[in-house]
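# Overview (structure and organization)
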Amino acid sequence: MVESATISELLPWLLPLLLGYGADLLLGDPRHWPHPVKGFGHAIGKAESLLNRGSQRLLKGLLLVLVLVTTVFIALQYCTSLLTLSPWLYYPAASLLVFWGLANRNLIDEVKAVDKALTNGGLPAGRRQLSMIVGRDTSCLDENQIRTAALETLSENLSDGVIAPLFYYLVGGLPLMWSYKMVNTLDSMLGYKSDRYRLFGRAAARLDDVANFVPARLTALLMVVVGGSPRALRFLFRYGHRHTSPNAGYPEAALAGILDLRFGGPATYHGRVHKKPWIGERSRVVSQKDLLRACAINQRSTLVMVVLVVTMLLLQGGVLLP
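So, a few notes on the structure that sits alongside this text. All figures in this text were calculated on a predicted structure; none of them were measured in a lab.

Let us now look at the overall build of the protein chain. When helices and strands are counted, the protein chain shows 11 helices and 2 strands. Listing each helix as α and each strand as β along the protein chain from the N terminus yields α-α-α-α-α-α-α-α-α-α-β-β-α. For a compact globule of 322 residues, the expected C-alpha radius of gyration is about 20 Å, and the protein chain comes in at 20 Å, within 12% of that figure. Seen through its principal axes, the protein chain has C-alpha atoms that stretch 55 × 55 × 35 Å. Relative to its full complement of 322 residues, the protein chain shows a buried share of 48%. Within the protein chain, residue pairs in contact and separated by at least 24 positions form 74% of the contacts whose partners lie at least 6 positions apart. Each charge class in the protein chain can be summarised by its mean position, and for the 33 positive and 22 negative side chains these summaries are 6 Å apart.

Below is the structure:
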């Protein structure tokens with residue numbers, strides 16, 4: 001710890017974090033606002049259409065990942081260095097970047113929208129709304145399967161969209177936070193096992209697995225703590241490793257334990273049925289109350305993570321200051 005560090009020296013880390021978190025809590029990301037991830041997606045899509053053809057697709061995919069992630073890190077490092085020359089520029093810009101880097105309010109709103117569509121519009125509306133936030137085929141899902149899939153998404157994306165960005169903000173500030181966002185966006189667009197992406201998207205998928213190894217397990221532990229459920233801890237060790245993903249199973253197992261239900265089972269992706277392992281023990285009807293309780297778990301887990309990040313920054317006493 002650097003003993004000479006003061007609160008004023010830590011403000012470049014603390015204030016953007018708190019303001020960005022508060023903005024996400026209150027606003028989410030308004031649908032029509034500009035967002036860096038949309039730019040990421042556009043760049044990835046253009047590059048994929050140019051490179052994902054012919055031979056050496058594995059190498060091309062690897063080079064694309066290295067170039068884009070490195071570019072984001074260097075760009076954010078350069079921009080934050082320039083912005084720190086003027087507090088009037090730095091604090092608004094850094095707070096906006098933290099705000100853009102978090103997605104908990106949007107995630108919760110999307111899950112609630114699925115429940116609302118299902119309640120008001122029946123199965124067709126519920127299936128359409130769910131299809132906006134999951135990759136699986138929703139056309140044949142019944143009401144219980146729709147709510148179960150929404151809960152799975154809620155737990156997985158708590159890690160990807162909230163806890164992981166906060167973790168990397170703690171480790172390396174805005175440059176590392178946004179490098180992670182690029183890694184996650186690459187995986188969401190390219191990390192499939194279909195014939196089109198099996199080779200080209202392999203590097204993106206593997207890097208995302210590595211990047212989420214610690215955050216996914218940290219997310220699950222946070223859920224266990226805020227949920228106050230010994231069963232969730234037991235499920236974490238019993239079922240977390242059974243998911244086809246090396247990371248997604250841990251938050252799912254924690255939520256399955258908190259709510260005492262079961263995730264997983266057969267699911268259709270891109271026309272193919274995948275027999276996903278079961279996570280949990282009790283097959284039961286998922287209620288609206290379960291969805292609301294899961295949303296509250298997400299909110300409390302995020303709050304605890306923010307408190308942990310602030311605490312760690314204070315303890316480190318300025319070692320990571322820009």
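Here we come to the packing of aromatic side chains. This model, assessed by the stated rule, comprises 7 aromatic pairs. For the ring pair Tyr168 and Tyr180, a centre distance of 5.3 Å and an interplane angle of 15° mean the geometry is stacked. We classify Tyr168 as buried; its relative accessible area is 15%. Site record: aromatic cluster; members linked through ring pairs are Phe167, Tyr168 and Tyr180. For the cation-ring pair, Arg217 lies above Phe213, with the distance from its terminal atom to the ring centre recorded as 3.7 Å. It is Arg262 that lies over the ring of Trp278; its NZ or CZ is 3.7 Å from the centre.

On the surface, a cluster of positive charge is made up of Lys193, Arg198, Arg202 and Arg206. Looking at where Arg198 falls in the secondary structure, it is placed in the loop between helix 6 (143-190) and helix 7 (202-211). The exposure class assigned to Arg198 is partly exposed, which follows from its relative accessible area of 44%.

With that settled, consider the side chain of Asp208. Along the chain, the position of Asp208 falls in helix 7. Here Asp208 occupies a buried position and makes no salt bridge, while the nearest side chain of opposite charge, Arg206, is found at 9.3 Å.

Turning next to the nonpolar core. Within soluble globular proteins, side chains that are nonpolar tend to cluster in buried spots. Of all hydrophobic cores here, the largest spans 87 residues; its most connected members are Leu151, Leu174, Trp178 and Leu186. Ranked by the residues each element gives to this core, the list is headed by helix 6, at 22 residues. Residues contacting Leu186, with those up to four places away along its chain left out, are Ile44, Val65, Leu68, Val69, Gly191 and Ala204.

Here we take up a nonpolar patch on the surface. A surface patch of nonpolar side chains, about 420 Å² in accessible area, is lined by Leu25, Leu26, Leu27 and Trp33. Along the polypeptide, Leu26 turns up in helix 1 (residues 7-27). On the basis of relative accessible area, Leu26 is assigned to the exposed category, the value being 66%.

At a minimum axis distance of 9 Å, the contact between helix 6 and helix 8 (residues 213-227) shows a crossing angle of 110°. If you check the angle between helix 6 and helix 8, you find them roughly perpendicular. Residue-level contacts link Ser155, Leu158, Ser159, Ile163, Ala164, Phe167 and Tyr168 of helix 6 to Val214, Pro215, Ala216, Leu218, Thr219, Leu222 and Met223 of helix 8. When the residues that make up the contact of helix 6 with helix 8 are grouped by side-chain class, the tally is 11 nonpolar, 3 polar and no charged.

About the thresholds
- Residues numbered from 1 in each chain as written.
- Predicted model: local features only at pLDDT ≥ 70, side-chain atom pairs only at ≥ 80, totals over all residues.
- Heavy atoms only, no water.
- Helix = DSSP H or I, 4+ residues; strand = E, 2+ residues; numbered from the N terminus.
- Rg over C-alpha atoms; globule rule 2.2 N^0.38 Å.
- Buried < 20%, exposed > 50% of the residue type's maximum accessible area, 1.4 Å probe, protein only.
- Contact = heavy atoms within 4.5 Å.
- Lys, Arg positive; Asp, Glu negative; His and termini not counted.
- Charge placed at Lys NZ, Arg CZ, Asp CG, Glu CD.
- Phe/Tyr/Trp six-rings, centres within 6.5 Å; stacked < 30°, edge-to-face > 60°.
- Lys NZ or Arg CZ within 6 Å of the ring centre and 35° of its normal.
- Patch = residues over 30% accessible without salt bridge, like charges linked within 9 Å, V, L, I, M, F, W, Y side chains within 5 Å.
- Areas by Shrake-Rupley, 256 points an atom, 1.4 Å probe, with all protein chains shown as cover.
- Salt bridge = Lys/Arg side-chain N within 4 Å of Asp/Glu carboxyl O.
- Core = buried A, V, L, I, M, F, W, Y, C linked by side-chain atoms within 4.5 Å.
- Axes fitted to C-alpha atoms, helices over the stretch in contact; angles between N-to-C directions.
- Parallel < 35°, antiparallel > 145°, perpendicular 65-115°, else oblique.
- Nonpolar A, V, L, I, M, F, W, Y, C, P; charged D, E, K, R; others polar.

No statement about biological role is implied by the geometric values presented.
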